[in-house]
Every structure is written in structure tokens, then in C-alpha cells.
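Inside the fold
Single-letter residue listing:
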Amino acid sequence: MGTKEVSIRGPGVTPIPRTSSLTPWLLMGMLTTGLTLSSIPTSVPRGFWTVSDNLTAVEGTTVKLRCGVSAPGSIVQWAKDGLLLGPNPRIPGFPRYSLEGDPAKGEFHLRIEACDLSDDAEYECQVGRSETGPELLSPKVILSILVPPKVLQLTPEEGSTVTWVAGQEYVVTCVSGDAKPAPDITFIQGGDTILGVSYNVNDGSEEKLFIAEAEARVTPRSSDNGQLLVCAGSSPALDTPIKASFTMNVLFPPGPPVIDWPGLDEGHVRAGQNLELPCVARGGNPPATLQWLKNGKPVAIAWGTEHVQSVARSVLVMTVRPEDQGAQLSCLSYNSVSVETQEQSVTLQVTFPPSAITILGSATQSENKNVTLCCLTKSSRPRVLLRWWLGGRQLQPTDETVMDGLHGGHISMSNLTLLVRREDNGLSLTCEAFSDAFSKETFKKSLTLNVKYPAQKLWIEGPQEGQFIRTGTRVRLVCLAIGGNPDPSLTWLKDSRTVSEPRQPQEPRRVQLGSLEKSGSTFSRELVLVIGPSDNRAKFSCKAGQLSASTQLLVQFPPTNLTILANSSALRPGDALNLTCVSISSNPPVNLSWDKEGERLEDVAAPPQSAPFKGSAASRSVFLRVSSRDHGHRVTCRAHSAALRETVSSFYRLNVLYPPEFLGEQVLAVTAVEQGQALLPVSVSANPAPEAFNWTFRGYRLSPAGGPRHRILSGGALQLWNVTRADDGIYQLHCQNSEGTAEALLKLDVHYAPIIRALRDPTEVNVGGSVDLVCTVDANPILPEMFSWERLGEDEDDLNLDDMEKISKGSTGRLRIHQAKLSQAGAYQCIVDNGVEPAARGLVRLVVRFAPQVDHPTPLTKVAAAGDSTSSATLHCRARGVPNIDFTWTKNGVPLDLQDPRYTEHRYHQGVVHSSLLTIANVSAAQDYALFTCTATNALGSDHTDIQLVSIGRPDPPLGLKVVSVTPNSVGLEWKPGFDGGLPQRFQIRYETLEAPGFLYADVLPPQATTFTLTGLKPSTRYRIWLLASNALGDSGLAHKGIQVSITTPGLDQAPEDTDHPRPTEQPPGAPRLPLLPVLFAVGGLLLLSNACCFGGLLWRRRRRRLAEEISEKTEAGSEEDRVRNEYEESQWTGDRDTGSSVVSTAEVEPHYQSMRDFSPRLPPTLEEVPYPQGVEDEDMAFPGHLYDEVERAYGPPAGWGPLYDEVQMDPYDLRWPEVKYEDPRGIYDQVAADLGAVEPNSLPFELRGHLV
């Protein structure tokens, strides 16, 4: 802030001494500083040459009080309200105070920064006494500090919206905050200053501060709505006044409503018009509420409001009706501050036509008579005129009248008298109303004249009179009349009685009465009859007013009723019976005859008699003597009419009482199934029906009330359920009625399902012997073909029983096997089916005993292992035989001492397959490279196989190379792998064409594949192909004959060849003629190849040394446990696993071998390949649940038997032995060498390069 000086000098003010708490500090500062006396020349006058006038400053500004003095050597300081501030320019204790100016020039100005109310005081500049003169005091300078008001407190609250009603007086107060001086307060309403404000000043919160309070009375106007009411505070300390305000929400009534009538004629409308009448009210806060009244009653209608323009709008929508004539429609406008409701109205003048025209009087009259009619309209405004029309002719009315009507309208009436003639019938008589007000509309009412006159002619159309009509014939009679108005009513009568249809729906509809029909001037009514006896000679008449016509029918009918009369109702065998047959009425007369169950009877005739329906009656009698066989028979009377060719019959049923008699169809033997139901039927005849049926079985009477397993049916039949074989036997039946008794014997035969009583299991036989599988059952019935046999197994070829003899005798069935074979061993099922469910099934196992058969597909088996005394080898020996097999081992013909800790044997038995695994720990080349012999022995003989333990070496040549397919550009090859030498082997194809020198090579991928398609060949070319096997130690060489084939590819025009046999390898006859140039190239190629082989041999030896060092390090790092571990405990058939330091390989020499690196067989793992559980003895481990350990063992139920030789469930691993069929002769002797991984060719140590010992 800048320094502020005021040039206006006020009156002097005497300083008032004050003691300040800072005085001691100021005195101490003066003493410390010391008084400095300046030597002022005596010639310079002492005094003030400038002093500030009284000053006024605003709080927070900077003020400078001037003091210019001529007093050299004197101390100059300022005093505030008598308090000396000290000569120090910084003025200790007053951080905002400081002295400015050049003391050498006598400038001692007091600068006050950010002055506040505490600086409001009297100041004087004092000059100390010196040698040059006394002290000097300047005039007092009054510094007035102005404090602006910080806030204005407004009531109502600042920033709020205050709702007032226009015209009412309200009080507004505005209070300032602390200020000096008190501010002036003014009120501004809508831009106009409010006068008559009361003003008060009060002390503020501190000394020298004041609070101003102003109060104004405000009367708001409608124009103030939404405006601000402002309280403004002005002060000398303010550049601009401070303000506080609130918004006035002034409520005031709306303006009057205005109805905007559509069109020029206000209030004039027409009935049926859709009237839309808008009403608008402007202004008002809140906006107006509009309401419509009709004749003083509210009409429910909505209204809308536009708040921006403060306009309320409502549209009355109504359909004008005649009763709205003179109705007053009013629009009311008001709001919450309206003193009264404002209203504008309009009165409706409704024009409406007559709503209806009515013609009074009857339009029906007889011809040549007068008709009197009156035409009357409903009320209309204005009135209408009436006129009459008959057809196209206008008639003159008799008189006309006008009357007052409803809703301010008028009613018009016109009378008419008219003489009618026959030709006026059907003409339209119209009354028409018209008016200029309704020029575009016509109002009419019409009647049709109905002039009555009689019919002119009447007759009947139907069958000719005198014609005979047969009963049941449908006859149509039609009555016709011409002319007449109204339409003539045609009525049918029969013998003077009116004909009507039967009212009951269940009655046969013999009469159909048609309705009256009209065709032009002709009227007709039909009567359809189904002729009956009552119509014979009846008179049918038709009447129309005074006219009448009639006709008569002649009807032929058979007897209406044929009745048989008897002289007795209760008959017994031998009684006589007289029957009379009476025919009531027929036309013409009939002939009567008798018969019994089709047999003609002799009868006696009676004379004819008179009968109803004007017909004839007749009767005849017959005499009979009855027996029990006649009971229920019918004696029939027949009435025959020759003219009608029709016969009517009636019968009399004979009721003969006789004791019970069993009929010929009575069943004497009943068959039932055990646990089923049986019904012993009764076929008995008796009259009356038998009173009781008593059943007896084995001397015991069955309860007539029934029992737990029987009941006697209403017809006497005996029903049994849950029948057992104990119910088989003779049942006696006794029947009786009131006439006598009868007896019968019935046999019950109970069939039951077969049950196998004896089945020898297991049944044993030596190979080549004969044996019977015997099955004995208990069953009823016993059938000769009820025994059948099945072989259980999965191979359909082994299930054939054609070579076995099936024998059945009584309850015993046999399956006889001649010269038993191993393939016939297994489970057989005896099935017995005698037609009663379920069939019996029993399992019997055939055990074919045979001497051991050791698996030795080749004369010699090889096993490769490292002879470094750190590896182990496992020799596998597997044999088949029954009963159990015992194994022994020899090495080079000397029995092997299994007590030696280096040898461990594990044995397994599963079905007929038995295995012995010999593990050799710490294999030594000197001690263990030998020929081991495994011998399998049982009670029927022995067998053995040899296994050679050898060192790791080169692979054997592949076997059986053959061509399987040939195309012009390729050849498909197949072979069997040889012994891999204990290391992973791969195959390479070398081939050449005889037409050009040089060899081509192709690697077989994947390495272990045994089939390969050689591509890139030329058509019609002869090739020679070799197959080589190689591992890290070398290849198998080309000396073996089985690794070479020769083929000739077909031409492009020849079909490809597919073959399963090797192609001929011999050369074609005649010496081949080789060109000289290819031979020279071949010799040069061989020389280059020999040099390359020498160089490669050096590299090979170096790489073998490195590999030997790496393997030696691996071997030393392996644990002792890994050295003796059986690799087949760690590696199962499902794949390979690392065997640590063990380097072992086994393979068979022939017919085919493959590495196990990528092999995953289809068979499940065998038991010896599963790691041995801890705590189980290794010696002579037998397969649990073996079927042939003990012949006399107790076998489980037949449902639990499994296959004898194929599979046995192995818990907990669910392992199964492979099938006996050796699809893969590698068996369990492969694997291990692949565990070495990829090995460099020349890196094997010396001990791994040994030979057979």
C-alpha cells in the first residue's frame, strides 16, 4: 500500500498522557542507545519546518506522519497518545512502525503499515533538549482509522426467496457489522430507493466501533415479482457500498379470463357440432386456475400453464346437443391470493333438426276402405314443414298443427285420410319434414300400405285316390292356394282333427308338417307322412279361410300286434303246454304258423275276427310236451302276408325247472403256472340256478367264503392265486338247487420253472480227454428239448459248440466234450427252459489241465545290460499251464542260488498265465554275461526257455522287409525290428536305380516306425532297396539277406499295385549290361566315401569318449537304491520312465523288435509291472483269488464267476493280464535302453562296448 496523507488540518487536540506497558522497554532502549547531541550552529533557528495535518486512513492501509525539524544535535522521537516511541528508527515493540527520511536533513517521518483501529490516536513529534535550545513539541496530529463494515445481516435472510402478497406491508431490517464510522444504510426495491427508513446507531463489539441498524416497511407490487430487495451499506471506508439482498416472490391475482369464440356469431352453434372453446387468463402469481361452468355446474376439464409468460390456458371440448340450447358457459379465473373469482360467460344458441318423425295409425286396411294417419315430429329449432307422398305422388293433408317443443323448439303435426285400393298394396307412404335451416338434409318416415283381400283358388297334390300304399311308405301331400293378402293360412286336418308334429323328441317322427311357402302369388304347405295302419281309409283335408280340399289314403299293413297266450307258466320235464297265437289287425289278412328252434309244429286255426284300423284279425294254437333240454328254447309264431311279402314273428321262451346237469364242455383238467393264478371253471346247467357250489381237495372242504389263496366265484368257478406245486391234484365239485344235486371231478396240473439241483463245478479234464458237463433240474413239465448250453466269452469264434455232443434224458442234461482242447476251457452255461419263466441258468467251469508252455517265440532271448557292477537287469519268464506252475533258474546249466542277495525272484499267477521275474543287481560283465535258463514245471510236465544276458552293442538287422504297395512314384515298405543292442535305434533306407550309379538315402520318421512310404521314384524304373538299423554304437550292416528287396515301379498308364508279399529279389535272367560312365562314377563315389568314413571314424571315437565320461558321472551320482531298482517296477506298459543310473535293455531276437521309447501298447499292464507294496513278502507272490490253487476250494456264486483264463480283477489298480494271443512278441522284455535319452554315437565308456562272454 502507498502512504496516505491528508492535507486538511483539524483543530489542535491536547495530548492525554498515557502509560503503556512498553514504556520501560522504550526507556531502556533510549538509555542503551544514548543521546546524541549534534553541534548545531547557533546561527540556525530551531523549529519545525513541516508537520502533518490530521489524517484519516482506512484500516489496512499505510500512513506516513511527516515531521521536518531544524534542531541539529537534538534527539527526535514520536509520541502516541503521550507514549514515547523512542528515537530508534525501527521503533522496538511496534513492528509496523518505523522512521523514514534523512536525519541529516531533519526528516523524521513516522510510517505506519497495515494500520488498524489500535493506531487511531494522537501523535506528536518531540525534539529533545540540546545545547542549542530547549525541547520542542509539534502540534498534535490526530490519526483517524476508518473501519469498513464487513457484513450486512438482512432479515429476511440474505439470498433467500421471500413470498409476499402484493399490497400487504412487510418489515425488513438490515444490521451492519462493526464499522467506524457507522455506515449509512439504504433499501432498494425493484430499482427504487425506499423512503421512510428508521435508522439507529449502537456501540460495536469494541471501543470506537459502531453498529448501524435500519428498518424499512415494504409494500410489494406485482411488478416486484422475481426482483431483488437490496440493503446497501455505504461508508467513507468503502469505495463501493456493500450489499445484501433476497428475491421477492410476490403473489398477486391473475387478469380476467378471455373466451376466444371461434367464428363471428358468438354463441350460435348447431347440434352435433364438436365445439372447442379456448379460455386464456394472463398474469398472476401463482398462475391462474381456470374452471369451466355449464349453467353454473363445474365441467371437469384440465388446463395448462406457461410459467415463463404467466399464462393459463384451458380448452373446453364438447359435443353440442339440443338440450344445450340457452346453456351458459362460463370460464372462471382465480388463484390463491385472488379476492374474488373473475368470470366471462357466453350463452349458446343451438340449432337442431327433429330427432325423429313418427307416423301414428295403422297402414293395414281392407280394400276400398279409408286409412287415417298422423305424422308427428320431435322438437326442432327452427320449426319444419310436413308433406305426404304415396309412391311418387304427393298427397294433400287433411290439416296441419305447430306446437311448442323441448329445448325451445317446435313440434309439427300433419293428418291424412286415404281411400285404399288393391293396387295400393305394398306402396310406400312417406311423411317428409323440411326447412330452410336444414336445406341440405331431408327427414323422412315411411310406411308400407297393407291392403287385405282373400285367396282365389285351393287344391291338394298327392297320390291318386284308390291307390294302395304300403305301411312305412313316405307320402308327400301338398296344399296350394293362389292370391290373398295377408298370405292365406293353410291348415291340414286328418278326419276333422288338426294335424301336428309329435311333441316328444323320443317319439318316431311319422309326421312332418312343412311351413307356408310363397312363390309369386302361389302359396303352398307340405305334409309328409310315414304311412301307418292308422292312416288306412283316413280323410286328409286342407283349409284356407272359407276354402277347403280333401283326399283319402288306402294302406296295406302287417299285423300290428302278435300275441302268444299260454295255459301254464311253471313247467317241469314231462309237462304239457298249450300256446295260442293271436294277430290283432292287418290289411290284407295274414297266414299264421308255429316252429320251435326252427322245427315246424302242427297247429289248429281259428276263424277270422274284426280288427282295428279297418283291418282283419287271426289266431292259431299248438300243443307241446317239454323236457329239461327245452329250457330256454323259443317257440315262435310267424304271421306271413303274401301281398306284402312280409313276415311278423313273436316267440315264447320255455321255462323248465330241473336239477343241475354238467354240460359236455365242462373242463376236467386245468394247467397253471407256479406263483400264478388258476381258474377251475364250472359249466353246469340248472333251473333254478345252483344254490351252492362246494369244493373239496384231498378230503378237505374249501371255505365258500374264500381264503388267503382261493375264492369261489359267483358262477361256482374256483380261483386260486400264488399257486404252488403242492396245489397239484384232484378237486371235487358238488352243485345243488331246489330240484336236485350233481358232482364233478377236476384235475389241476401246476407247471413251475426249472431249478438246477446239481451241477458239478468245476469240471476238470486233461488235454485230449473226454468229459461230461452234467446239469440236473427239477421242473414241470419235463420237455425233451428244454436243455441248451452256451459258452461264455468275448471271442465269437470260441463260442461254437458244434464239436460237442448235447444229451438230454428226463431231468438231466449233458454236454459231452471229446478230446478236450485248451481253447475249450472256460465257463459254460446250462440253460433250462420248459416254457415257464424264468429259464434256469447255471455256470460250470471247465478246467483243461495241460503241461507248462513257456513263451519262447525264438530259440534265444537277449537282455542287454551294462556290466559296470552298478546296473541291474530283469529277466522275464512267462508260461501257461494248469495246475499251478513252479519255476527254477539256471545259469550256464548250473542251478541258480536264489539265496544270493544279488538275485531276487518275484512270481505272479493270473489264470493260466504264470510269471517269474528274476532281478540281477550289480550286473558284472565277468559274472553275469551268461546264458540263463528258466524251467516251468507242474504235475503234467515241464518246459523251459533260454535268455542270454549281453552287453550293449550295435542293433541286429531288421527282419522280413517286404513291399506292401507300389505306385509309379512311390513304394510302401514294412519290416520287423531286430534287437536294438540296448540303445535307441532308428532306421534308414538306402536305395539305388540300376540305370544310374550312386545311392540315395531316406531316414524313417518317426524313428521307431516299422512302415514307410518311399516317395520321389520314377515310373517304369527298377530299384534296389536296403533297410539299415542303427543306434549310438553303429548300424546293422548290409550283409543280411532279409534287408534287401528289388522292385520295378509301374508306368503312369498302369494301375498301382498293392501287395502283401515281398517282391522277388533275384536278378532278371541274363547279365545286366552296365554302361561304362555310370561305373566310373560309382568307383569315384566309393573312394570319396571311404575317405569320409575314415575321417568320421576319428570323430566317432572322440565322441564316444565324451559320452563315456558323461555316463560315468551320471552313474556315480545315482543312489544305491536306483542301481538295484527293477526298472519294470518304475516303468509300466503305458510308457517309459527314467531309471536313473540303470542301463538295461531286453529284446527278443525274432520275429520283430521295437524300442519302447514311443510305444504305448493296447494291452493293460501285467501284475509284475506294478511296484511291490511295502510290507508284502516278495517270495512266491501268488495272484489273489487264483482259480486253480486248490481244486476243492469253495467257489463263489455263479454270478460272481469271471473268465477262467482271460481276465481277473486286480485291486486296487484294476490291472489285467494281456490276452494269451501274442500279437506283439516284444512281450515284457523291451524297454530300458530308451531311458538313456539321445546319446552321441562315439561317447560310450569302455565297459559298455563289450561283447558276448
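Presented here is an overview of the structure given in this document. Along each chain, the written sequence defines residue order, and numbers are assigned to residues from 1. Reporting of local features is limited, given that this is a predicted model, to residues whose pLDDT is at least 70; pairs of side-chain atoms are given and counted only at 80 or more, and all residues count toward the totals for whole chains, interfaces and linings. Where side-chain values are given, they derive from all heavy atoms of the structure, hydrogens and water being excluded.

A run of DSSP states H or I qualifies as a helix once it reaches four residues; a run of E qualifies as a strand once it reaches two. Both are numbered from the N-terminal end. Within the protein chain, the secondary structure is distributed over five helices and 95 strands. Per-residue burial for the protein chain yields a buried fraction of 43% across its 1253 residues. When checking whether two residues touch, look at their non-hydrogen atoms; a contact exists if any pair is within 4.5 Å. Restricting the contact set of the protein chain to residue pairs at least 6 apart, pairs at least 24 apart contribute 68%. Calculation of accessible area relied on Shrake-Rupley with a 1.4 Å probe; when residues are assessed, cover is drawn exclusively from the protein chains displayed. Put simply, the protein chain shows about 65,000 Å² of open surface, and 51% of that area lies on carbon and sulfur atoms. Each residue's exposure class comes from its accessible area (1.4 Å probe, protein chains only) as a fraction of the maximum for that residue type: buried when under 20%, exposed when over 50%, partly exposed otherwise.

On to the state of the cysteines. Only a pair of cysteine sulfur atoms within 2.5 Å counts as a disulfide in this structure description. In this structure the tally under the stated criterion is eight disulfides. Here Cys279 connects covalently by a disulfide to Cys331, the sulfurs 1.9 Å from one another. Linking Cys279 and Cys331, the disulfide has an S-S dihedral of approximately -90° and is accordingly described as left-handed. Remark: Cys331 occurs in strand 29 (residues 328-334) and Cys279 occurs in strand 24 (residues 274-282); sequence separation between them is 52 residues. By relative accessible area, Cys279 is classed as buried at 0%. You can call Cys331 buried: its relative accessible area is 0%. Each sulfur of the disulfide joining Cys775 and Cys830 lies 2.4 Å from the other. Between Cys775 and Cys830, the S-S torsion sits near -90°, and that sign places the bridge as left-handed. Taken as a pair, Cys775 in strand 72 (residues 771-780) and Cys830 in strand 76 (residues 826-832) lie far apart in primary sequence, 55 residues in all. For the pair shown, Cys775 and Cys830 are each scored as buried. In this structure Cys374 is a free cysteine whose sulfur lies 7.2 Å from that of Cys375, the closest cysteine sulfur available.

Glancing now at the nonpolar core. Across soluble globular proteins, nonpolar side chains have a tendency to be buried as a group. In terms of nonpolar packing, the biggest core is built from 28 residues, with Leu65, Trp78, Tyr97, Leu110, Tyr123 and Leu143 touching the most fellow members. Breaking this core down by element, the ones donating at least two residues are strand 3 (55-58), strand 4 (62-65), strand 5 (67-70), strand 6 (76-80), strand 8 (97-100), strand 9 (109-112), strand 10 (121-127) and strand 12 (141-146). Sorting elements by how many residues they give to this core places strand 10 first, with four residues. If we skip the residues at most four places from it in the chain, Tyr123 touches Leu65, Trp78, Ala79, Lys80, Tyr97, Leu110, Ile112, Pro139, Lys140, Val141 and Leu143. Buried Ala, Val, Leu, Ile, Met, Phe, Trp, Tyr and Cys residues that are joined via side-chain atoms within 4.5 Å together make up what is termed a nonpolar core. By size, the runner-up hydrophobic cluster in this structure holds 23 residues, among which are Val172, Ile185, Phe187 and Ala214.

Our focus in this paragraph is the environment of Ile989. Structurally, Ile989 is set in strand 88 (residues 986-993). Overall, the relative accessible area of 0% leaves Ile989 in the buried class. If we skip the residues at most four places from it in the chain, Ile989 touches Leu973, Leu1000, Tyr1001, Ala1002, Val1004, Phe1012, Leu1014, Ile1025, Trp1026 and Leu1027.

Turning our attention to the sheet that holds strand 16 (residues 184-189). Two pairing modes exist for strands in a sheet, parallel and antiparallel, and in both the strands are linked by backbone hydrogen bonds. Strand pairing is assigned whenever DSSP detects at least two bridges linking the two strands. Taken in spatial order, the five strands line up as 14-21-20-16-17 in an open sheet, and their pairing is mixed. The open sheet has two free edges, formed respectively by strand 14 (161-165) and strand 17 (192-193), since each of these has just one partner strand.

So, on to the pattern of salt bridges. Between Lys or Arg on one side and Asp or Glu on the other, a salt bridge is scored when a side-chain nitrogen of the former is within 4 Å of a carboxyl oxygen of the latter. This model, assessed by the stated rule, comprises 44 salt bridges. Across the pair Asp119 and Arg96 runs a salt bridge, and its minimum N-O distance is 2.7 Å. You can see Asp119 sitting in the loop between strand 9 and strand 10 and its partner Arg96 sitting in the loop between strand 7 (83-84) and strand 8, a full 23 residues away along the chain. Judged by its relative accessible area of 24%, Arg96 is partly exposed. Glu441 is the partner of Arg270 in a salt bridge, and the nearest nitrogen-oxygen pair spans 1.8 Å. Of this pair, Arg270 sits in strand 23 (residues 268-270) while Glu441 sits in the loop between strand 39 (428-434) and strand 40 (443-448), and the two are 171 residues apart along the sequence. Among the ionic contacts, a cluster of salt bridges with common partners joins Lys80, Arg96, Asp116 and Asp119.

In spatial order, the strands read 22-24-28-27; together these four strands make up an open sheet with antiparallel pairing. Where the open sheet ends on each side, the last strands, each with one partner, are strand 22 (258-259) and strand 27 (303-306). Where strand 27 and strand 28 (residues 311-319) come together, four bridges link them in antiparallel fashion. Bridge pairing in strand 28 links Trp303 to Ser314.

Take the packing of aromatic side chains next. Stacked, tilted and edge-to-face are the three classes assigned to paired rings of Phe, Tyr and Trp, where Trp is represented by its six-membered ring and a pair needs centres within 6.5 Å; plane angles under 30 degrees give stacked, over 60 edge-to-face, the rest tilted. One pass over the full model with this rule turns up nine aromatic pairs. Taken together, the ring pairs connect Trp164, Tyr170 and Phe246 into an aromatic cluster. By the criterion adopted, a ring carries a charge over it if an Arg CZ or a Lys NZ lies within 6 Å of its centre and within 35 degrees of its normal. Geometry around Phe434 places Arg387 over its ring, the cationic atom sitting 4.2 Å from the centre. Note that Arg990 overlies the ring of Phe999, its terminal NZ or CZ placed 3.7 Å from the centroid.

Looking now at the pairing of strand 54 (residues 576-586). Sheet topology note: the strand 53 (residues 562-566)/strand 54 ladder contains five bridges and is antiparallel. Looking across to strand 54, one finds that Ala566 is bridged to Leu579. As judged from the nine bridges shared by strand 54 and strand 58 (residues 616-625), these two strands associate in the antiparallel manner. Paired with Leu577 across the strands is Leu624, a residue of strand 58.

Along the chain, Asn587 turns up in the loop between strand 54 and strand 55 (591-596). At a separation of 2.7 Å, a polar atom in the side chain of Asn587 contacts the main-chain carbonyl oxygen of Val555. We define a polar contact as two N or O atoms separated by no more than 3.5 Å, with the added condition that, inside protein, one atom must be a possible hydrogen donor and the other a possible acceptor, whereas residues neighbouring each other in sequence contribute only through side-chain atom pairs.

Time to look at the environment of Phe932. Structurally, Phe932 is set in strand 84 (residues 931-938). For Phe932, a relative accessible area of 0% translates into the label buried. In the structure, Phe932 is positioned 39 residues away from Gly893 in sequence and 7.7 Å away in space, judged by C-alpha atoms. In this structure, Phe932 is in contact with Leu875, Trp889, Thr890, Lys891, Leu896, Leu918, Ile920, Thr945, Asp946, Ile947 and Leu949, ignoring residues within four places of it in sequence.

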